[in-house]
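Residues per chain, in single letters:
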Amino acid sequence: MATAYVKLTAELDMRILLAEDDAVIADGLARALRRNGYAVDHVATGTEADAAVASQPFDLLILDLGLPKLSGIDVLKRLRARKSVLPVLILTAQDGVEDRVRGLDAGADDYLTKPFALPELEARVRALTRRGTGQPRCIELGGLAYDQADRVVKVNGQIVEMSAREIGLLEVLLLRAGRLVSKDQLVDHLCGWGEEVSNNAIEVYVHRLRKKLETSGVRVVTVRGLGYCLEKPDVA
Ligand code: CA
């Protein structure tokens, strides 16, 4: 029953190179990505990143632009000069508008501005690693439609405003539709670096999500003491 959705999480063979010199960010990212089933290799300098992508196959490069030894932009330029089509997601500082433009000009596929929420990163990574694999980027269930790349939720054709946390929560439940998701899994998924999400907060998010999905026919069911399960609407 949930097979169609299980396929969406089949990122298991995907290998990501993470080039980031900030140990705290790198650690948080690597853990989040591994939790999502990706194999992650980490390097902390531009020269290592350059050497790795030149010699090994990856499905995605997550590239901090402010890297020591060789800048992220130079890594990217060298990569594209070798005619590589490896998808590249660049990480830039908040005030790095020019960096971002230079990065996209140099051939980056997408960017994220630090600090960012993990669900946001995960959505971008999914969108980039799915490219060309023919997997749907839009999940539809009853009156609910969720565009994974743009992170837009529609109920009965109407866009529903949701916070990043609510969307993160919906994503986890949708990708595991018909299966139990424990509160701990949700807490784990929604936590960023140094952020705390309590069990009580999860209840609040679920409550809000339910209200927003009310007319879609999709239900978030509480499995007492265990967690939640997103149920498909009854086919009437
Ligand atoms: Ca850096």
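Refer to the structure above for everything that follows.
**Student:** Give me helix H9 (residues 199-213): which residues, what numbers.
**Tutor:** Over its 15 residues, H9 extends 21 Å from the first C-alpha to the last, a length consistent with the 21 Å expected when each residue adds 1.5 Å. All of the buried residues along H9 are Ile202, Tyr205, Val206, Leu209 and Leu213. One face of H9 carries all of its buried residues, which in axial projection span an arc of 100 degrees. Along H9, exposed side chains directed more than 90 degrees from the buried face belong to Asn200 and Lys211.

**Student:** Could you give me a rundown of the pattern of salt bridges, with the residues and numbers involved?
**Tutor:** Under the definition given, this model contains 15 salt bridges. The shortest N-O distance in the salt bridge between glutamate 20 and lysine 114 comes to 3.1 Å. Of this pair, glutamate 20 sits in the loop between strand E1 (15-19) and helix H2 (23-35) while lysine 114 sits in the loop between strand E5 (110-113) and helix H6 (118-130), placing them 94 residues apart in sequence. Judged by its relative accessible area of 1%, glutamate 20 is buried. Ionic pairing is found between glutamate 166 and lysine 212, a salt bridge with its closest N-O pair at 2.8 Å. One end of the pair, glutamate 166, is in helix H7 (residues 164-175); the other, lysine 212, is in helix H9, with 46 residues separating them in the sequence. With a relative accessible area of 2%, glutamate 166 lands in the buried category.

**Student:** Tell me about the side chain of aspartate 50, residues and numbers included.
**Tutor:** Note on placement: aspartate 50 falls in helix H3 (residues 46-55). In contact with aspartate 50, other than residues within four places in its own chain, are Leu70, Val75, Arg78 and Arg82.

**Student:** Can you lay out the sheet that holds strand E12 (residues 227-231) for me, pointing to particular residues and giving the numbers?
**Tutor:** Ordered in space as E10-E12-E11, the 3 strands form an open sheet in which the pairing is antiparallel. Single-partner strands in this sheet number two, and they are strand E10 (180-182) and strand E11 (219-223). When strand polarity is set aside, the average angle formed by the axes of neighbouring strands in this sheet is 30 degrees. Here E11 pairs with E12 via 5 bridges, running antiparallel. Among the inter-strand pairings, arginine 219 is bridged to a residue of E12, identified as glutamate 231. Helix-sheet contacts for H7 involve E10, E11 and E12, and the interaxial angle to E12 is about 70 degrees. Sheet contacts for H9: E11 and E12; angle to E11, the most-contacted strand, approximately 145 degrees.

**Student:** Quick rundown of the packing of H3 against helix H4 (residues 72-81)? Include the residues and the values.
**Tutor:** The N-to-C vectors of H3 and H4 enclose an angle of 20 degrees; their axes lie 9 Å apart at closest approach. One way to sum up the angle between H3 and H4 is to call them roughly parallel. By crossing handedness, the relation of H3 to H4 is classed as right-handed. Where H3 abuts H4, its residues Gly46, Ala49, Asp50 and Val53 lie against Val75, Arg78 and Leu79. In terms of residue class, the contact of H3 with H4 is made up of 4 nonpolar, 1 polar and 2 charged.

**Student:** Kindly report on the pairing of strand E8 (residues 152-155), identifying the contributing residues and their values.
**Tutor:** The alternating pattern of E8 places Val153 and Val155 on a buried face, while none of Val152 and Lys154, on the opposite face, is buried. Relative to E8, strand E7 (residues 144-147) runs antiparallel, the two sharing 4 bridges. Bridge pairing in E8 links alanine 145 to lysine 154. Direction of pairing for E8 relative to strand E9 (residues 158-159): antiparallel, over a ladder of 2 bridges. When the bridges of E9 are listed, lysine 154 appears paired with isoleucine 159. Hairpin remark: E8 followed by E9, antiparallel, with 2 residues in the connecting loop; positive phi at asparagine 156, about 50 degrees.

Reading the values: the criteria
- Residues numbered from 1 in each chain as written.
- Predicted model: local features only at pLDDT ≥ 70, side-chain atom pairs only at ≥ 80, totals over all residues.
- Heavy atoms only, no water.
- Helix = DSSP H or I, 4+ residues; strand = E, 2+ residues; numbered from the N terminus.
- Expected span 1.5 Å × (residues − 1).
- Buried < 20%, exposed > 50% of the residue type's maximum accessible area, 1.4 Å probe, protein only.
- Arc of directions from axis to C-beta.
- Salt bridge = Lys/Arg side-chain N within 4 Å of Asp/Glu carboxyl O.
- Contact = heavy atoms within 4.5 Å.
- Pairing = 2+ DSSP bridges.
- Axes fitted to C-alpha atoms, helices over the stretch in contact; angles between N-to-C directions.
- Parallel < 35°, antiparallel > 145°, perpendicular 65-115°, else oblique.
- Left-handed = near helix turned anticlockwise from the far one by under 90°.
- Nonpolar A, V, L, I, M, F, W, Y, C, P; charged D, E, K, R; others polar.

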